[in-house]
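Spelled out, the chains give:
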Amino acid sequence: MMMETNQEKKEGRRRCMELGPVARAQKNVYGLAFSFFAVFCSFQGLQNLQSSINDEGGLGLVVLALIYAFFFLSGFITPAFVALFGTKYSFQIAIVSDLIYSISNFYGSWYTLVPSAVIIGIASGPVWAAASAHVTLCAIQIAPVVKEKEAHLISRYTGILLVGYQVSSIPGNLVSSLILCFSDEPANSSSATNTSSVLYNGTCQHSSQEIQDLFLYVLISVYVLFVVLAQVSAAFFVDSFPSEASFFSTEKKFKVFLVKPVKEMVKVLFDWKMLLLTPMGLANGLEQAFIFGTFTKVITLELFDMCMVRRLKAIVVPSICIMEI
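Below or above, wherever it landed, is the structure these notes cover. (Residues numbered from 1 in each chain as written. Predicted model: local features only at pLDDT ≥ 70, side-chain atom pairs only at ≥ 80, totals over all residues. Heavy atoms only, no water.)

## Regarding the pattern of salt bridges
To be explicit about the condition: One speaks of a salt bridge when a side-chain nitrogen belonging to Lys or Arg is within 4 Å of a carboxyl oxygen belonging to Asp or Glu. In DSSP terms, a helix is any run of H or I states spanning at least four residues, a strand is any run of E spanning at least two, and both are numbered starting from the N terminus.
Throughout the structure, instances matching the rule amount to two salt bridges. When the shortest N-O distance is used, the salt bridge between Asp239 and Lys27 registers 3.1 Å. With a gap of 212 residues between them, Asp239 in the loop between α9 (213–237) and α10 (250–269) and Lys27 in helix α2 (residues 21–53) connect regions that are remote in the sequence.

## Brief notes about the environment of Val135
Filter applied, for reference: Throughout, a residue-residue contact means that at least one pair of heavy atoms, one from each residue, lies within 4.5 Å.
Its place among the elements puts Val135 in helix α5 (residues 110–146). Along the primary structure Val135 and Leu161 are separated by 26 residues, whereas in three dimensions their C-alpha atoms are 7.9 Å apart. Among residues more than four places away in sequence, those in contact with Val135 are Val29, Leu32, Tyr157, Thr158 and Leu161.

## A word on unusual backbone geometry
Our working rule: Throughout this description, buried means an accessible area under 20% of the type-specific maximum (1.4 Å probe, protein chains only), exposed means over 50%, and partly exposed covers the range between.
Not every positive phi belongs to a glycine, and Lys147 is a case in point at roughly 60°. Relative to the elements of secondary structure, Lys147 occurs in the loop between α5 and α6 (150–167). The exposure class assigned to Lys147 is exposed, which follows from its relative accessible area of 77%.

## Here's the deal with the packing of aromatic side chains
The criterion, for reference: Between 30 and 60 degrees the pair is tilted, below 30 it is stacked and above 60 it is edge-to-face, where a pair is any two Phe, Tyr or Trp rings, Trp via its six-membered ring, whose centres lie within 6.5 Å.
Counted under the stated rule, the structure contains 12 aromatic pairs. Aromatic side chains Phe43 and Tyr101 sit 6.2 Å apart centroid to centroid with 45° between the ring planes, which places their arrangement in the tilted category. With Phe43 in helix α2 and Tyr101 in helix α4 (residues 78–104), the pair connects residues that are 58 residues apart, well separated along the chain. Judged by its relative accessible area of 1%, Tyr101 falls in the buried class. Feature note: the residues Phe36, Phe40, Phe43, Phe91, Tyr101, Trp128 and Tyr165 constitute an aromatic cluster, connected by ring pairs.

## Notes on the side chain of Gln47
For clarity, the cut-off: We define a polar contact as two N or O atoms separated by no more than 3.5 Å, with the added condition that, inside protein, one atom must be a possible hydrogen donor and the other a possible acceptor, whereas residues neighbouring each other in sequence contribute only through side-chain atom pairs.
The topology assignment puts Gln47 in helix α2. One polar contact links Gln47 to Tyr68, side chain to side chain, over a distance of 2.4 Å.

## Quick word on the nonpolar core
Rules: Here, nonpolar core refers to any group of buried Ala, Val, Leu, Ile, Met, Phe, Trp, Tyr and Cys residues whose side-chain atoms link them within 4.5 Å.
In this structure, Leu32, Phe36, Val63, Ile67, Phe91, Tyr101 and Tyr157 are the most contacted members of the largest nonpolar core, which totals 50 residues. Residue assignment for this core shows that the elements contributing at least two residues are α2, α3 (59–73), α4, α5, α6, α7 (169–181) and α9. Of all the elements, α2 adds the most residues to this core, at 13 residues. In this view, Phe91 contacts Leu32, Ser35, Phe36, Val127, Ala130, Ala131 and Ala234; residues no more than four positions away in its chain are not counted.

## Some thoughts on the packing of α2 against α4
To keep things clear, this is the line we draw: Lines are fitted to the C-alpha atoms to define the axes, a helix being fitted only along its stretch in contact, and any angle between axes, read from their N-to-C directions, falls within 0 to 180 degrees. In what follows, roughly perpendicular refers to angles from 65 to 115 degrees, roughly parallel to angles under 35, roughly antiparallel to angles over 145, and oblique to any angle outside these ranges. Each crossing gets its hand from how the near helix is turned against the far one by less than a right angle, where anticlockwise is left-handed and clockwise is right-handed. Charged residues are taken to be Asp, Glu, Lys and Arg, nonpolar residues to be Ala, Val, Leu, Ile, Met, Phe, Trp, Tyr, Cys and Pro, and polar residues to be all remaining types, Gly included.
Across the interface, α2 lies against α4 with an axial gap of 11 Å and an inter-helix angle of 30°. Comparing their axes, α4 and α2 come out roughly parallel. Where α2 crosses over α4, the handedness of that crossing is left-handed. Across the interface between the two elements, Leu32, Ser35, Phe36, Val39, Ser42, Phe43, Leu46 and Gln50 of α2 pack against Phe91, Ile95, Asp98, Tyr101 and Ser102 of α4. Class assignment of the residues belonging to the contact of α2 with α4 gives a composition of eight nonpolar, four polar and one charged.

## What to know about α5
Heads up, the rule is: Here a helix's expected span is defined as the number of its residues, less one, multiplied by 1.5 Å. We define the bend at each residue as the angle formed by axes fitted to the 7 residues ending at it and the 7 residues starting at it.
The terminal C-alpha atoms of α5, which comprises 37 residues, lie 53 Å apart, in line with the 54 Å expected from a rise of 1.5 Å per residue. The largest bend along α5 reaches roughly 30° and is located at Ala123, with the proline Pro126 sitting one to four residues downstream. Following α5 by one or two positions, Lys147 adopts a phi angle in the positive range, close to 60°.

Listed below in structure tokens is the structure:
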């Protein structure tokens, strides 16, 4: 009798510790939003610095171009990847590329940054697709419980996810501002003499040699820590939904997760609606290339020091997001 009583007590404590469906959905959404926030703190911080610290031979600009080129190509494999591994594990596997990309910046060269740019570009599609699909699944599961329309919950949870993405620009740039402020004095003292050289020769004088390696390594280490925090948050707060792959044979997996998605992707690319949206995508790409590349590297660095550039980007990017909303 005593044994049964103790067992009932343990069962009662276990039920008390279990989260309800609403709390479980919120845990998933906010945990994934924090992971999204941490990942893009690292990615966007390094993105804003690429054309400045890796300016030799235009390496930084080439890296940015490769990232977004392979981001486009990743659309061909993204549906199959997410369907095979599920939303949680697809997200965790994909953000390993951010860790590789961040670590490659410790020794920025063509041999390290170009391969890492290709890897993170290919993984960017699964990152976005897995995160969006996960919050959508959470909304669909919880909608009957809270008696709300699925569309409303999907919009709300997607908005929470995108808040994490948009806000990441602020700490990502402020971190680099605080750290690089300590190493910016040599650049300040020579900024007046370097301006004419930039205007006539088209090259930026504030290269990575003007930033002490110690401060640069500390900055990159902080960005690596952001990615590690994203992995920890995804591991502990994001639940795993069963993937579709467990219900199919090997032959059917090949057809459903590889052949069919590629065919559908090609079909969508040549759809007239998608063709009408193509100029918008090209214009957005040119805008981002100018802001994150030329504007940061040539114009802003001639008017302000490296410290002010990061602060300016921390203010400008959220302002652009607010204006778009």
